[in-house]
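# Chains, contacts and geometry: an overview
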Amino acid sequence: SRDEIIELGALRVRDGVPVEEFSSLVFTEKEIPAQVHALTGLAQSSLVGAPSLKRALEKLLVFIGDDRLVCWNAAFDIAFLQVGCNRCGLPIPRNKVEDAQKLARKTVKEITDDRLVSTAGHLGIHSETIHRALPDCYTTQAVYAKLMEISPGNHGIV
């Protein structure tokens, strides 16, 4: 509730293949903390000209429609989405959600931490950019696809 959304990303996947993407920076007047800048590379100047949270969320909600959402650490992402929608007076999406992180914990016992980049590396998936919305979507999709190969009947975990 104290933090700000500064970037949104989503990937539409059909039959295991990314077919469309959504990406938007989000303007905020709140100064980006140094640790967030170090993590993402985003600075306050990166957000100049970006849409407001309400406008960016409106576009995201149209993009996701009623599609099933696959997230890494879904509770974290969905909480931000819900708080953002509440702040802007937008409807909270009721999409079905699957948590690829929980699926990874259940499927690959050798994984020792819950980080997306660690799990991707363990599965042989290279990810150059982390902690940016759209690149993390692509990494999550690749990890999810690999996990479904390993254990195809293991989806539906929220």
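Here, the structure is the one placed above.
Presented here is an overview of the structure given in this document. (Residues numbered from 1 in each chain as written. Predicted model: local features only at pLDDT ≥ 70, side-chain atom pairs only at ≥ 80, totals over all residues. Heavy atoms only, no water.)

## Brief notes about the pairing of strand E2 (residues 17–25)
Pairing of strand E1 (residues 7–14) with E2 involves eight bridges; the strand directions are antiparallel. Residue pairing in the sheet places Glu7 in a bridge with Leu25 of E2. Hairpin connection from E1 to E2: two residues lie between these consecutive antiparallel strands, with Asp15 at a positive phi of about 55°. (Pairing = 2+ DSSP bridges. Helix = DSSP H or I, 4+ residues; strand = E, 2+ residues; numbered from the N terminus.)

## Things to note about the environment of Lys106
Within the element layout of this structure, Lys106 appears in helix H4 (residues 100–107). For Lys106, a relative accessible area of 46% gives the class partly exposed. Residues Lys106 and Val143, 37 residues apart in the sequence, show an inter-C-alpha distance of 13 Å. (Buried < 20%, exposed > 50% of the residue type's maximum accessible area, 1.4 Å probe, protein only.)

## Observations concerning the nonpolar core
Formed by 21 residues in total, the largest nonpolar core has its most connected members in Leu8, Leu57, Leu60 and Ile64. For this core, the secondary structure elements donating two or more residues are E1, helix H2 (53–64), strand E3 (69–71) and helix H3 (74–88). The element contributing the most residues to this core is H2, with seven residues. With residues up to four places along the chain from it excluded, the contact list for Leu8 reads Phe22, Ser23, Ser24, Val26, Ala56, Leu57, Leu60 and Ala133. The next biggest cluster of nonpolar side chains, apart from the first, holds 14 residues, and it includes Trp72, Ala100, Val108 and Val143. (Core = buried A, V, L, I, M, F, W, Y, C linked by side-chain atoms within 4.5 Å. Contact = heavy atoms within 4.5 Å.)

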